[in-house]
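Examining the three-dimensional arrangement
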Amino acid sequence: MKKNIKNILEEKNVILDLYKDGVVKVKNIFDTSFLNEVKLAKNKIFSQFPYGQNNNFEKILDLAEANKIGYYPIKNLLELDPIFMKILNNRYINFMAEEILGKNFYFTDITMRIVPKTKNILETHRDFCGGLSFSLLLDDTSENQGETFFIKNSYKNPPPSFV
């Protein structure tokens, strides 16, 4: 993505909106062909790990165990398919992270999950403070499906830039 003044101004408004509202929706920063590649990689990984992985990156074999946590996580994406590194290397994501967290930011986690239709959903919660999260939704979700939704003003005042 080539930077120009218009892009930077749009990104600055996104940052201001993030500070004002706590969450912000940004335009799609990936092209369709890349997203299709990511979806193919996701499908391949979940064919190998249909109920996700435990904290030791081992395949969860028991549906009941998987349903207890309310989602099926994949925790070592970068080892399973290199396409996910392209997300971390995205110039837009890196620009936003540096503007908000400072030049010395680093990625701590990249995970993927499927939210099954189950009674055991991840309850409403607030993620960690002092960081920045990016969510890339690959599948359509409905309001009653659980997991991925954001409440305006629940994440106000992200961390200041560290210089």
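Residues numbered from 1 in each chain as written. Predicted model: local features only at pLDDT ≥ 70, side-chain atom pairs only at ≥ 80, totals over all residues. Heavy atoms only, no water.

1. Some details on the overall build of the chain
Secondary structure assignment for the chain yields 6 helices and 2 strands. In the chain, the succession of α and β elements from N to C terminus is α-α-α-β-α-α-α-β. Looking at the chain residue by residue over its 163 residues, the buried ones come to 34%. Across the chain, contacts joining residues at least 24 apart in sequence account for 72% of those joining residues at least 6 apart. In the structure as shown, the chain presents an accessible area of about 11,200 Å², 53% of it carried by carbon and sulfur atoms. (Helix = DSSP H or I, 4+ residues; strand = E, 2+ residues; numbered from the N terminus. Buried < 20%, exposed > 50% of the residue type's maximum accessible area, 1.4 Å probe, protein only. Contact = heavy atoms within 4.5 Å. Areas by Shrake-Rupley, 256 points an atom, 1.4 Å probe, with all protein chains shown as cover.)

2. Focus: helix 2 (residues 32–48)
Note on helix geometry: an α-helix contains 3.6 residues per turn, so any two residues three or four positions apart are oriented the same way. Spanning 17 residues, helix 2 covers 25 Å between terminal C-alpha atoms, matching the ideal 24 Å at 1.5 Å per step. All of the buried residues in helix 2 are F34, L35, V38, A41, K42, I45 and F46. Looking down the long axis of helix 2, one finds its buried residues gathered within 130° of arc, a one-sided arrangement. Of the exposed residues in helix 2, the ones pointing more than 90 degrees away from its buried face are T32, L40, K44 and S47. (Expected span 1.5 Å × (residues − 1). Arc of directions from axis to C-beta.)

3. Re the pattern of salt bridges
By the definition in use, this model includes 1 salt bridge. For the salt bridge of E98 with K103, the shortest nitrogen-to-oxygen distance reads 3.1 Å. Judged by its relative accessible area of 32%, E98 falls in the partly exposed class. (Salt bridge = Lys/Arg side-chain N within 4 Å of Asp/Glu carboxyl O.)

4. As for the nonpolar core
Counting residues in hydrophobic clusters, the biggest one holds 32 residues, and the most contacted among them are F30, I45, I74, L77, F84 and M112. Sorting the residues of this core by element identifies helix 1 (5–21), helix 2, strand 1 (72–74), helix 5 (83–88) and helix 6 (91–101) as the ones contributing at least two each. Sorting elements by how many residues they give to this core places helix 6 first, with 7 residues. In this structure I74 touches I45, F46, F49, G52, Q53, L80, I110, T111 and M112, once residues within four positions along its chain are discounted. (Core = buried A, V, L, I, M, F, W, Y, C linked by side-chain atoms within 4.5 Å.)

5. Some words on the environment of L80
By the secondary structure assignment, L80 is in helix 4 (residues 77–80). Once you skip the residues sitting within four places of it in the chain, L80 turns out to touch I45, F49, Q53 and I74.

6. Points about unusual backbone geometry
Even without being glycine, F57 reaches a positive phi, approximately 65°. With respect to the helices, strands and loops of the structure, F57 is situated in the loop between helix 2 and helix 3 (63–69). Take F57: its relative accessible area is 40%, and that puts it in the partly exposed class.

7. What to know about the environment of K25
In this fold, K25 is placed in the loop between helix 1 and helix 2. C-alpha separation for the pair K25 and F134, spaced 109 residues apart in sequence, amounts to 9.9 Å.

8. Description of helix 6
When helix 6 is considered as a whole, its buried residues turn out to be Y92, I93, F95, M96, A97, I100 and L101. Measuring from the backbone nitrogen of Y92 back to the side-chain oxygen at the start of helix 6 gives 2.9 Å, which picks out N90 as the cap. Immediately beyond the C-terminal end of helix 6, within one or two residues, lies G102, with a positive phi of roughly 100°. (Polar contact = N/O pair within 3.5 Å; in protein donor to acceptor, adjacent residues only side chain to side chain.)

9. Description of the confidence of the model for the chain
This prediction gives the chain a mean pLDDT of 78; 69% of its residues lie at or above 70. Looking over the chain, one finds the lowest element-wise mean pLDDT in helix 1, namely 69, and the highest in helix 2, namely 95. (pLDDT = per-residue confidence, 0-100.)

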